[in-house]
Amino acid sequence: MPSLSESKEGIKMSYVLGITGGIASGKSTVVEVFRKAGFPIVDGDVVAREVVEPNTAGLKALTTTFGLEILQKDGQLDRKKLGQIIFSDEKKRQQLNQILDPFIRSAINLQVEEAKGQSALVIVDLPLLFEGHYEGLMDAIAVVYVTSDIQLQRLMNRDGYDQSEALNRINSQLSLEEKKSRGDIVFDNCQSVEKTQEQVRKWLKENNFVS
């Protein structure tokens, strides 16, 4: 896998690597290695927050569908309230995704294009990469993987959910087994953070992104 690809005109292009996983799979641990190595990160979670800031078209679209009760007193989106609505209702979750997808997709595409040319490698951190059908934007896709038992336990420990709440959130995404089968690269995060980080550093060296 080369560090740079070339167009037919011989112009060097950045290599775009999508990083995905499941909730509590440890994706942030992997992305942080790339960040510390100096590669630009396009963060899907950050983009998703930005498109629903107060007075944005994205937030207006949400309140039109779900009502003003999803807002806090200061006009910010009440994420906890919205989460309670969508994670218990599959149709409403799909509705949410359909509303926000155009705003998020446009912002991600713009940020990726801006990052190209600045670095040999651009990282796109997208939890719902497969669910959102972003495969065509990437040169390769890396999946951060843990077993379902580890994922459930880590989510319950991290966020204080009971088992039912945790499973609702896990089941709202494609399974990690499915993502693993569809990815080009797998970073196994079932053991220690150090071992996971070493896998990423090894990939960077093997593909000539770092010496």
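Residues numbered from 1 in each chain as written. Predicted model: local features only at pLDDT ≥ 70, side-chain atom pairs only at ≥ 80, totals over all residues. Heavy atoms only, no water.

A. Focus on the confidence of the model for the protein. Summarising the model, the protein shows a mean pLDDT of 93, and 94% of its residues fall at 70 or more. In the model, residues 1-11 has pLDDT below 50 throughout and makes 24 contacts with residues more than four positions away in sequence or in other chains. (pLDDT = per-residue confidence, 0-100. Contact = heavy atoms within 4.5 Å.)

B. A look at the sheet that holds strand 3 (residues 15-20). Ordered in space as 4-5-3-6-7, the 5 strands form an open sheet in which the pairing is parallel. Every interior strand has two partners, whereas the edge strands, strand 4 (41-43) and strand 7 (185-188), have only one. This sheet shows a mean twist of 20 degrees between the axes of neighbouring strands, independent of strand direction. In the packing of helix 1 (residues 27-36) onto the sheet, contacts are made with strand 3, strand 4, strand 5 (121-125), strand 6 (140-145) and strand 7, and the angle to strand 3 comes to roughly 155 degrees. (Pairing = 2+ DSSP bridges. Helix = DSSP H or I, 4+ residues; strand = E, 2+ residues; numbered from the N terminus. Axes fitted to C-alpha atoms, helices over the stretch in contact; angles between N-to-C directions.)

C. Focus on the side chain of Asp125. Within the secondary structure, Asp125 sits in strand 5. Only 2.5 Å separates the side chain of Asp125 from the side chain of Lys27, close enough to count as a polar contact. Setting aside its immediate chain neighbours within four residues, Asp125 contacts Ile19, Lys27, Val31, Ile41, Val42, Asp43, Gly44 and Asp45. (Polar contact = N/O pair within 3.5 Å; in protein donor to acceptor, adjacent residues only side chain to side chain.)

D. Representation of the pairing of strand 6 within the structure. Taken across its 6 residues, strand 6 has 6 buried, putting it largely inside the fold. Residues Ala140, Ala142 and Val144 line one face of strand 6 and the alternating positions Ile141, Val143 and Tyr145 line the opposite face, and both faces are buried. Judged from the 4 bridges that link them, strand 3 and strand 6 form a sheet pairing that is parallel. Within the sheet, the bridge partner assigned to Leu17 lies in strand 6 and is Ala140. (Buried < 20%, exposed > 50% of the residue type's maximum accessible area, 1.4 Å probe, protein only.)

E. Structural view of the nonpolar core. Leu62, Phe66, Leu82, Ile108, Val124, Tyr134 and Met138 are the most contacted members of the largest nonpolar core, which totals 31 residues. Elements with a contribution of two residues or more to this core: helix 3 (57-66), helix 4 (79-86), helix 5 (90-115), strand 5 and strand 6. No other element matches helix 5, which puts 8 residues into this core. Core analysis: the second largest hydrophobic core is formed by 20 residues, Ile19, Val31, Val33 and Phe209 among them. (Core = buried A, V, L, I, M, F, W, Y, C linked by side-chain atoms within 4.5 Å.)

F. Representation of the packing of aromatic side chains. By the definition in use, this model includes 4 aromatic pairs. Ring plane angle 50 degrees and centroid distance 6.0 Å describe the contact between Tyr15 and Phe209, whose orientation is recorded as tilted. Of this pair, Tyr15 sits in strand 3 while Phe209 sits in the segment after helix 9 (193-206), and the two are 194 residues apart along the sequence. No difference in accessibility class separates Tyr15 from Phe209, as the two residues are buried. Summarising the aromatic geometry, the rings of Phe34 and Trp203 are spaced 6.1 Å apart at their centres and angled 75 degrees between planes, so their arrangement reads as edge-to-face. Note that Phe34 is positioned in helix 1 and Trp203 in helix 9, a separation of 169 residues in sequence. (Phe/Tyr/Trp six-rings, centres within 6.5 Å; stacked < 30°, edge-to-face > 60°.)

G. Fine view of the environment of Gln163. With respect to the element layout, Gln163 can be found in helix 7 (residues 163-171). Since its relative accessible area comes to 45%, Gln163 is described here as partly exposed. In this structure the C-alpha to C-alpha distance between Gln163 and Leu152, which are 11 residues apart in sequence, comes to 7.6 Å. Excluding anything up to four places from it in sequence, Gln163 contacts Leu152 and Met156.

H. Region of interest: the side chain of Ser14. Along the chain, Ser14 falls in the loop between strand 2 (12-13) and strand 3. A polar atom in the side chain of Ser14 sits 3.0 Å from the backbone nitrogen of Gly117. From its side chain, Ser14 meets the backbone oxygen of Ser119 in a polar contact 2.5 Å long.

I. Local environment of the pattern of salt bridges. Under the defined criterion, the tally for this structure stands at 11 salt bridges. We note a salt bridge from Glu113 to Lys116, for which the minimum N-O separation is 3.3 Å. A relative accessible area of 48% means that Glu113 is categorised as partly exposed. We note a salt bridge from Glu178 to Arg182, for which the minimum N-O separation is 3.6 Å. (Salt bridge = Lys/Arg side-chain N within 4 Å of Asp/Glu carboxyl O.)

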